Amino acid sequence: MKISALGYCGLNCEECSVFIATATNDNALRQKTAKKWSQRYAEFLQADLKPEDMHCRGCRSEDDLFAGCQDCPIRTCVQEKDLASCASCAEYESCVMLNGFFSYHHEHAKANLDEMRGKSQ
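Basis of the calculations
Residues numbered from 1 in each chain as written. Predicted model: local features only at pLDDT ≥ 70, side-chain atom pairs only at ≥ 80, totals over all residues. Heavy atoms only, no water. Salt bridge = Lys/Arg side-chain N within 4 Å of Asp/Glu carboxyl O. Helix = DSSP H or I, 4+ residues; strand = E, 2+ residues; numbered from the N terminus. Buried < 20%, exposed > 50% of the residue type's maximum accessible area, 1.4 Å probe, protein only. Axes fitted to C-alpha atoms, helices over the stretch in contact; angles between N-to-C directions. Parallel < 35°, antiparallel > 145°, perpendicular 65-115°, else oblique. Left-handed = near helix turned anticlockwise from the far one by under 90°. Contact = heavy atoms within 4.5 Å. Expected span 1.5 Å × (residues − 1). Arc of directions from axis to C-beta. Polar contact = N/O pair within 3.5 Å; in protein donor to acceptor, adjacent residues only side chain to side chain. Lys, Arg positive; Asp, Glu negative; His and termini not counted.

Colleague: Would you mind going over the pattern of salt bridges in detail, with residue names and values included?
Modeller: Scanning the entire structure with this criterion turns up three salt bridges. Put simply, Arg 57 and Asp 64 hold a salt bridge, and the shortest N to O gap is 3.0 Å. A salt bridge links Asp 114 to Lys 110; its shortest N-O distance comes to 2.9 Å. Residue Asp 114 and its partner Lys 110 are both found in helix 6 (residues 107–116); the two are separated by four residues, about one turn of the helix. With relative accessibility at 5%, the residue Asp 114 sits in the buried group.

Here's what the structure looks like:
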């Protein structure tokens, strides 16, 4: 695992279908992901995602971020604390926001952060 590929939350950006669609300019993948994510995240979205919404160069990019990543409270928190990721936060174990994130289809992000913290299981 390349640490530079990980988002602040532990997701591997290089494995994200939006990142891949952007890197490869794959419009079919953009359409598929927009449909899948519109269904998966329906309770959080105000409207369905469109293929043109499926554009991102990774969490650590200053520009070209998927809207969900751009407005991500975890990303904002890590940047405000000037940390490399959630793995280096003193509140890592008890963070309600992060634990809620892990419980919603993102268990693999916790495994990546745990590995960064030296707790590989």
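Colleague: Can you tell me about the packing of helix 1 (residues 17–24) against helix 2 (residues 27–40), naming the residues and giving the values?
Modeller: The contact between helix 1 and helix 2 brings their axes to 9 Å, and the two run at 160°. Judged on the interaxial angle alone, helix 2 and helix 1 are roughly antiparallel. Relative to helix 2, helix 1 is oriented so that their crossing is left-handed. Of the residues in helix 2, those in contact with Ser 17, Val 18, Ile 20, Ala 21 and Thr 22 of helix 1 are Leu 29, Arg 30, Thr 33 and Trp 37.

Colleague: Explain helix 2 residue by residue, including any values.
Modeller: Given a rise of 1.5 Å per residue, 14 residues ought to cover 20 Å, and the 20 Å separating the end C-alpha atoms of helix 2 matches this to within 8%. All of the buried residues in helix 2 are Leu 29, Arg 30, Thr 33, Ala 34, Trp 37 and Ser 38. Within helix 2, the buried residues cover an arc of 155° as seen down the axis, which keeps them to one side. In helix 2, those exposed residues whose orientation departs by more than 90 degrees from the buried face are Ala 28, Gln 31, Lys 32, Lys 35 and Gln 39. Lining the buried residues of helix 2 we find helix 1. With a side-chain oxygen lying 3.1 Å from the backbone nitrogen of Ala 28, the N-terminal cap of helix 2 falls on Asp 26.

Colleague: Summarise the side chain of Arg 75; cite the residues concerned and give the values.
Modeller: In this fold, Arg 75 is placed in helix 4 (residues 73–80). One buried charged residue, Arg 75, forms no salt bridge at all, with the nearest opposite charge on Glu 62 at 4.2 Å. Within the local environment of Arg 75, its side chain forms a polar contact with the backbone oxygen of Ser 61, the two atoms lying 3.0 Å apart. Ignoring sequence-local partners within four residues, the contact set of Arg 75 consists of Tyr 8, Cys 59, Ser 61, Glu 62, Leu 65, Cys 69 and Gln 70.

All we've got here are geometric facts, nothing functional implied.
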